[in-house]
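Breakdown of the fold
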Amino acid sequence: MLDHAECEKARVCRDPAYDGRFFTGVRTTGVYCRPVCPVRPALPRNVCFFPTAETAPFSPAWRGSRATVERAARLIIEEGALDVDGTDVEALAARVGVGARHLARLFAKYLGATPSQIAKTARVQRAKRLLDGTDLLMTEIALRAGFSSLRRFNAVFAEVYGRPPSEIRRTRRSVRQPS
């Protein structure tokens, strides 16, 4: 436990005996310093003290629950964490070190959507890129985008775009090949 008054005195005096024993974060600038930092000391009301460098401003620990959401969203979008059959929000939550209900609350707070909604959007976006940029068969697009079946792909795609993927592909082909 850090004694605020003791840390403040050591920070202002730049006491080398405290170097490495605590770290200072400046709320107004986002600067993070050791007690021996040679720059002009920030106003006391703008500083907070941390026991380790891991809790420095803008580190994952300092950002707290926002970092958990960012990591989970990255796993969903970049790795398809919820795309694999049998992988559910509970498994994703375990990967980021929280419970499924807490992860759902954090997603609602920071993203305004559930992890499943984020995964669905990511799959549709992947599918749209494959649809526009390749000549793959619809079944192959569905599987590569993370859908478990062609039927589910068609249903979700039509829900999002208001028309089936085959119609979008036909439109794309007619635009590329003038008659």
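Structure's up top.
Presented here is a report on the structure given in the accompanying data block. Computed from a predicted model, the values in this text were never measured in an experiment.

1. Digging into the pairing of strand 3 (residues 47–50)
Residue alternation in strand 3 divides its side chains into two sets, Val 47 and Phe 49 and Cys 48 and Phe 50, and both sets are buried. Sheet topology places strand 1 (residues 23–26) next to strand 3; 4 bridges connect them, and they run antiparallel. From the neighbouring strand, Val 26 faces strand 3, where its bridge partner is Val 47.

2. Description of the nonpolar core
Ranked by internal contacts, the top residues of the largest apolar core, which has 17 residues, are Ala 72, Ile 76, Leu 82, Leu 92, Leu 103 and Phe 107. If you list the elements that add at least two residues to this core, you get helix 3 (65–79), helix 4 (89–96), helix 5 (100–111) and helix 6 (115–133). Element by element, the count of residues in this core is highest for helix 3, at 5 residues. If we ignore the near neighbours within four places in the chain, the residues touching Leu 103 are Thr 68, Ala 72, Val 89, Leu 92, Ala 93, Val 96, Val 98 and Pro 115. Counting 14 residues, the second largest nonpolar core, distinct from the first, contains Ala 127, Leu 131, Leu 136 and Phe 153.

3. Regarding the sheet that holds strand 1
Pairing within the open sheet is antiparallel, and its 3 strands lie in the order 2-1-3. Both edges of this open sheet fall to strand 2 (32–33) and strand 3, since each of them pairs with a single strand only. In the sheet, strand 1 pairs with strand 2 via 2 bridges, with the strands oriented antiparallel. Within the sheet, the bridge partner assigned to Thr 24 lies in strand 2 and is Cys 33. Those strands touched by helix 1 (residues 4–13) are strand 1 and strand 3, and its axis lies near 105 degrees from that of strand 3.

4. A look at the pattern of salt bridges
The final tally for this structure, using the stated rule, is 9 salt bridges. Put simply, Arg 95 and Glu 79 hold a salt bridge, and the shortest N to O gap is 3.1 Å. A residue pair is termed long-range when its members are at least 10 positions apart, and Arg 95 in helix 4 and Glu 79 in helix 3 qualify at 16 residues. A residue is classified by how much of its surface remains accessible, and Arg 95, at 43% relative accessible area, is partly exposed. Residue classification places Glu 79 among the exposed positions, given a relative accessible area of 53%. A salt bridge links Arg 126 to Asp 83; the shortest N-O distance between them is 2.6 Å. A residue pair is termed long-range when its members are at least 10 positions apart, and Arg 126 in helix 6 and Asp 83 in the loop between helix 3 and helix 4 qualify at 43 residues. In this pair, the class of Arg 126 matches that of Asp 83, namely buried.

Thresholds applied
- Residues numbered from 1 in each chain as written.
- Predicted model: local features only at pLDDT ≥ 70, side-chain atom pairs only at ≥ 80, totals over all residues.
- Heavy atoms only, no water.
- Buried < 20%, exposed > 50% of the residue type's maximum accessible area, 1.4 Å probe, protein only.
- Helix = DSSP H or I, 4+ residues; strand = E, 2+ residues; numbered from the N terminus.
- Pairing = 2+ DSSP bridges.
- Core = buried A, V, L, I, M, F, W, Y, C linked by side-chain atoms within 4.5 Å.
- Contact = heavy atoms within 4.5 Å.
- Axes fitted to C-alpha atoms, helices over the stretch in contact; angles between N-to-C directions.
- Salt bridge = Lys/Arg side-chain N within 4 Å of Asp/Glu carboxyl O.

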